[in-house]
Amino acid sequence: MKRTIAVWLILFTVGKLIAQHHVWYDGVLVLQTQQVLTGALAIEPDHDIVLHKSGDHVDIYPAHRVQSLQFFEAKTNINRKYISLQYGTWRRHHLYEVVVKGTVRVVRRLKQRTSSTLSDADSFIYYIYTGTELVHLHSFRRQIYPTLQQGGGAQFSMFVLDQNLNPNEAAHAIRMVRYYNTLVVNDESLVRSAGR
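Residues numbered from 1 in each chain as written. Predicted model: local features only at pLDDT ≥ 70, side-chain atom pairs only at ≥ 80, totals over all residues. Heavy atoms only, no water.

Q: So what exactly am I meant to see when it comes to the pairing of strand β8 (residues 105–110) here?
A: One face of the sheet, then the other: side chains in a regular strand alternate in exactly this way. Two elements, strand β7 (residues 92–100) and β8, share three bridges in a ladder whose sense is antiparallel. Paired with Glu-97 across the two strands is Arg-108, which belongs to β8. Linking β7 back to β8 in an antiparallel pair, the connection comprises four residues, with Gly-102 at a positive phi of about 140°. Across six bridges, the pairing between β8 and strand β9 (residues 124–129) is antiparallel. Along β9, the bridge assignment pairs Arg-108 with Tyr-126. (Pairing = 2+ DSSP bridges. Helix = DSSP H or I, 4+ residues; strand = E, 2+ residues; numbered from the N terminus.)

Okay, here's the thing in C-alpha cells:
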C-alpha cells in the first residue's frame, strides 16, 4: 500500500512538473556519464532538475545525474552555463550558474522564495569554486583571498592596491577572481597553486 501511494505521488509530481509552463532553450546537457544531449532544455533551479525535450518526449534529470548544461538566452543576450556540485551538510547535488569562468569560478544559486523586484545581488547566493571546494562568497577574505594573493604574487597585489579593492566586499571579490583568472591564463604555474 505504501509503495503504491509513493509511486502515485511521484507520478503526480512528475506530471505536474511537465505540465507547468517552462521556458525552453536550445542547448547542450552533459550527464555525469559523459553522455552529451542536445536539444530543448528547461531548468528548474528550485528542484535542482533539468528537463530535456526531444520531439514530444521529455526526460527529467536530477542534479546528481548532471555534470553541466549551457544554453543561449536571447532575451538577455547571455550564454548561460550551469554545473552540478555537491554542497551542504547532506552533500546533495545542486545546480549552480557559472558567473565567472576560469580556474577559480564564481557560481550562484537562486535563493528560495525570492521576490521578482530584488536585484541579482539580493536574489542569489554567491560562491567561489576552486575546483576542489565550494566556499560562500562571505568567506572569500578568510578562505580564498590568501591563496589568490600567494598565487598571483606582486601583480595581483598591485592590482588590488591600484584598484583600491576590499576583499570583504562581494563585488570587489568578484573583480579579484576575474583578474586572478587572467593571470592564470598567462602563467600556467598559477593553475597548480589555485587548486590547493
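Structure shown, so let's carry the discussion forward.
Q: What's the story with the pattern of salt bridges in this structure? I'm lost.
A: It is possible for side chains bearing opposite charge to pair when their charged atoms get close. Taken as a whole and judged by the stated rule, the model has four salt bridges. For Glu-73, the salt bridge goes to Arg-80, with nearest N and O atoms at 2.5 Å. Take Glu-73: its relative accessible area is 13%, and that puts it in the buried class. One salt bridge in this structure joins Arg-80 and Glu-97, with 2.5 Å as the shortest N-O distance. (Salt bridge = Lys/Arg side-chain N within 4 Å of Asp/Glu carboxyl O. Buried < 20%, exposed > 50% of the residue type's maximum accessible area, 1.4 Å probe, protein only.)

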